[in-house]
Amino acid sequence: MEVNGWMSTLLTIAQWLVALFILALIIGVVAIGVMYVVDKHQTRHTIRRNFPVIGRFRYLFEHLGEFFRQYFYAMDREEMPFNRAQRSWVYRAAKNADRTLAFGSTRDLTKNGTIIFANSAYPHQEEEKTQPEPVTIGPHCEQPYSPTSYFHISGMSYGALSPVAVTALSKGAKLANCWLNTGEGGLSPYHLAGGCDVVFQIGTAKYGVRTSSGELHEGKLRDIASKREVKMFEIKLSQGAKPGKGGILPGVKVNQKIAEIRGIPVGEDSISPNRHPEISNNHELLDFVERVRGITGKPTGIKFVMGEPNWIDELVSAINERGHHCAPDFITLDSADGGTGSAPQPLMDYVGLKLSESLPILVDKLSAAGLKERIRVIASGKMITPADVAWAIAIGADFVVSARGFMFSLGCIQAMQCNKNTCPTGITTHDRDLQRGLDPTDKSVRVANYHKFLEYGVNIIAHSCGVSDPRQLNRRHARVVTHTGDSISLAERYPPKNS
């Protein structure tokens, strides 16, 4: 009897499953019929009108294409904005995994613009291995800043990044002894969670230090400057991915906490002005720098992506006219191929100069004016490997900052979902279910590992070139491949102009 009972139960379940399958089949057929009729009679989409139902798969394939290219189709050096070889190096460094290669390089050493470092015939012995020295920013400020590291975390705001991602970066920066830039979204508790050095960025909307009308609130600025973790202030004029336009944070990301920190309404798109209202010329810029520096007592600089290079000449002239004391303590130069969570494609693709062109221009113009030691140069933009950083230092940068490199160290897979609140790795989303996958304690160690092994890689290059400090690298130590396939020295390509 018991066997018959089980058989009866199984038969009933099977009948239900068959019924459900038939029902699903009927619903599917009806749905296909409805989609066919809709597609055939709509006039907005040609593909769907010509290929009803089947044409709908185009959008699915278009969405999945970037993922399939990343893992199956693209060669190691093909993908943009970062190829698999670059990302893999960062992942291995962050995990403290083997970073060596076998058999030969997959890098095309004959491609125009490729950088090659010139090794010394007599490099230093192992016991003389490289060790960077501290460099002081704002030596005449009440509280100058002298970091030893030359590689730091670029501006990424809380809002664009999730709280767990910012927390991991803060803790990782503390372990790595580097600074963390807040981005333009204000100072959050998560930036302070690890106790690392912090650079506070003042964007055009002045989030975190704004009045209700969007002007600079000196009291709020003074309060932030009083925090021991905050070491410098960066006035953002523009950034590489969207020069001429302010920051964009979609309303879906503007929760209660973000709204409180920024001083904006909940759930509304957070769009910054395209420039600071009180800065319309070079003298007003220098006035604003002196105002912020006077209130905070800490090094104050500016960030921009270079457009017309002659503007640098005009800025230098204004500084010389007023005196070098009024100059910004540092300039963060962003590249036109910089990243962001959200930007209009015309600006991202077509506006601004790449760092490979703008950095030599800036360094040479500052050197010619005798301002290179007064104004420290911080280079930013797509530099995530040791060779990238070594190149920037050889050109003349004092420091290098990276955002996306550290995002990769957190586990970013370049899913291109930063602007949609659907980041699968929990880095650029405020969906708590997605954030659960990111453990700040574990990821902070990966952040520190990435920083450690990137500087170790730069040190290896510097050691090979025969110098004892990476900052001793100069243009004679690197070469660039020309259109002929041969290389010339960077010193020949960009003859330095000293004062």
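Higher on the page you've got the structure.
Here we summarise the structure given alongside this text. (Residues numbered from 1 in each chain as written. Predicted model: local features only at pLDDT ≥ 70, side-chain atom pairs only at ≥ 80, totals over all residues. Heavy atoms only, no water.)

A tally of helices and strands in the chain yields 17 helices and 13 strands. Counting the 499 residues in the chain, one finds 49% classified as buried. Long-range pairs, those at least 24 residues apart, make up 69% of the contacts in the chain between residues at least 6 apart in sequence. Of the roughly 24,100 Å² of accessible surface on the chain, 56% is carried by carbon and sulfur atoms. (Helix = DSSP H or I, 4+ residues; strand = E, 2+ residues; numbered from the N terminus. Buried < 20%, exposed > 50% of the residue type's maximum accessible area, 1.4 Å probe, protein only. Contact = heavy atoms within 4.5 Å. Areas by Shrake-Rupley, 256 points an atom, 1.4 Å probe, with all protein chains shown as cover.)

Turning our attention to the sheet that holds strand S12 (residues 478–481). Ordered by their spatial adjacency, three strands build an open sheet running S1-S12-S13, and the pairing between neighbours is antiparallel. Every other strand in the sheet has two partners, leaving strand S1 (115–117) and strand S13 (487–489) as the edge strands with one partner each. In this sheet, neighbouring strand axes are inclined to one another by 35° on average, regardless of whether the strands run parallel or antiparallel. Bridge count for S1 against S12 is three bridges, and the pairing is antiparallel. Within the sheet, the bridge partner assigned to isoleucine 116 lies in S12 and is arginine 479. (Pairing = 2+ DSSP bridges. Axes fitted to C-alpha atoms, helices over the stretch in contact; angles between N-to-C directions.)

Attention shifts here to the side chain of lysine 206. Counting through the fold element by element, lysine 206 comes out in the loop between strand S4 (197–202) and helix H7 (218–225). Within the structure, the side chain of lysine 206 is placed 3.0 Å from the side chain of histidine 276, a separation counted as a polar contact. The residues touching lysine 206, leaving out its near neighbours within four places in the chain, are Gly214, Glu215, Leu216, His276, Pro277, Glu278 and Phe288. (Polar contact = N/O pair within 3.5 Å; in protein donor to acceptor, adjacent residues only side chain to side chain.)

Moving on: empty space enclosed by the protein. In total, this model carries two cavities of 30 Å³ or more according to the counting rule given. Considering only enclosed or pocket space, the largest cavity measures out at about 60 Å³ in volume. Looking at the largest cavity, the residues that line it are Ser154, Trp179, Asn181, Val199, Met232, Glu234, Lys303, Phe330, Thr332, Ile378 and Val401. Counting only elements with at least two residues in the lining of the largest cavity, the list comes to strand S3 (179–181), strand S5 (230–236) and strand S9 (330–334). (1 Å grid on protein atoms, 1.4 Å probe; cavity = no way out; pocket = protein on both sides within 12 Å on 5 of 7 lines; lining within 4 Å. Points joined across faces, edges and corners; volume = space filled by probe spheres on them.)

Among the five residues of S9, five are classified as buried, and the element is accordingly described as predominantly covered. Side chains Phe330, Thr332 and Asp334 project from S9 onto one buried face, and the interleaved Ile331 and Leu333 project onto a second face that is buried too. Sheet topology places strand S8 (residues 300–305) next to S9; four bridges connect them, and they run parallel. Note on S9: the bridge partner recorded for isoleucine 302 is isoleucine 331. After leaving S8, the chain enters helix H10 (residues 310–322) and then returns to the sheet as S9, a path that is right-handed. With four bridges joining them, S9 and strand S10 (residues 376–380) adopt parallel strand pairing. By the bridge assignment, isoleucine 331 is partnered in S10 with valine 377. (Right-handed = clockwise from strand over helix to strand, strands pointing away.)

Moving on, we come to the nonpolar core. Among the nonpolar cores identified, the biggest contains 107 residues, and Ile153, Leu169, Phe233, Leu359, Trp391, Ile427 and Tyr450 are the most heavily contacted of them. Discounting chain neighbours no more than four positions away, the residues touching leucine 169 are Ile153, Met156, Leu161, Leu180, Phe406, Leu410 and Val447. Core analysis: the second largest hydrophobic core is formed by 10 residues, Val135, Tyr145, Phe330 and Val401 among them. (Core = buried A, V, L, I, M, F, W, Y, C linked by side-chain atoms within 4.5 Å.)

Now for the pattern of salt bridges. Using the criterion set out here, one finds 16 salt bridges in the structure. Arginine 228 is the partner of glutamate 229 in a salt bridge, and the nearest nitrogen-oxygen pair spans 3.8 Å. Judged by its relative accessible area of 62%, arginine 228 falls in the exposed class. Arginine 475 serves as the salt-bridge partner of aspartate 364, at 2.9 Å between the closest nitrogen and oxygen. On the criterion of sequence distance, the pair formed by aspartate 364 in helix H12 (residues 355–368) and arginine 475 in the loop between helix H16 (440–464) and S12 is long-range, its members being 111 residues apart. You can call arginine 475 buried: its relative accessible area is 5%. (Salt bridge = Lys/Arg side-chain N within 4 Å of Asp/Glu carboxyl O.)

Turning to H10, a few remarks are in order. Compared with an ideal rise of 1.5 Å per residue, which puts 13 residues at 18 Å, H10 spans 19 Å between its outermost C-alpha atoms and is within 8% of the ideal. Looking only at H10, the buried set comprises Ile312, Leu315, Val316, Ala318 and Ile319. Projected down its long axis, H10 carries its buried residues within an arc of 160°, all on one side. The elements touched by buried residues of H10 are helix H9 (282–296), S8 and H12. Glycine 323, located one to two residues past H10, shows a positive phi value of around 110°. (Expected span 1.5 Å × (residues − 1). Arc of directions from axis to C-beta.)

A few words on the side chain of glutamine 435. Its place among the elements puts glutamine 435 in helix H15 (residues 432–435). What glutamine 435 contacts, discounting residues up to four positions off in sequence, is Ser162, Pro163, Val164, Gly426, Thr429 and His430.

Taken together, Val18, Phe21, Ile22, Leu25, Ile26, Val29, Val30, Val34 and Val38 make up a surface patch of nonpolar side chains, about 830 Å² in accessible area. On the secondary structure map, valine 29 appears in helix H1 (residues 2–41). Look at valine 29 and you get exposed, because its relative accessible area is 55%. (Patch = residues over 30% accessible without salt bridge, like charges linked within 9 Å, V, L, I, M, F, W, Y side chains within 5 Å.)

A word on the environment of isoleucine 393. Note that isoleucine 393 resides in helix H13 (residues 386–395). Under the relative-accessibility criterion, isoleucine 393 is labelled buried at 3%. Along the sequence, isoleucine 393 and isoleucine 378 sit 15 residues apart, while their C-alpha atoms lie 9.5 Å from each other. The contact partners of isoleucine 393, leaving out residues within four places of it in the chain, are Tyr150, Val400, Val458, Pro470, Arg471 and Leu473.

Considered for burial, the residues of helix H4 (residues 84–94) that qualify are Arg84, Gln86, Arg87, Trp89, Val90, Ala93 and Ala94. One or two residues past the end of H4 sits asparagine 96, with phi positive at roughly 55°.

The backbone of asparagine 96 sits at a positive phi, close to 55°, despite the residue not being glycine. Mapped onto the elements of the fold, asparagine 96 is located in the loop between H4 and S1. The partly exposed category is assigned to asparagine 96, whose relative accessible area is 47%. With phi around 60°, asparagine 177 is a residue other than glycine that occupies positive phi space. Looking at the secondary structure, you find asparagine 177 in the loop between helix H5 (163–176) and S3. The class of asparagine 177 is exposed, set by a relative accessible area of 55%.

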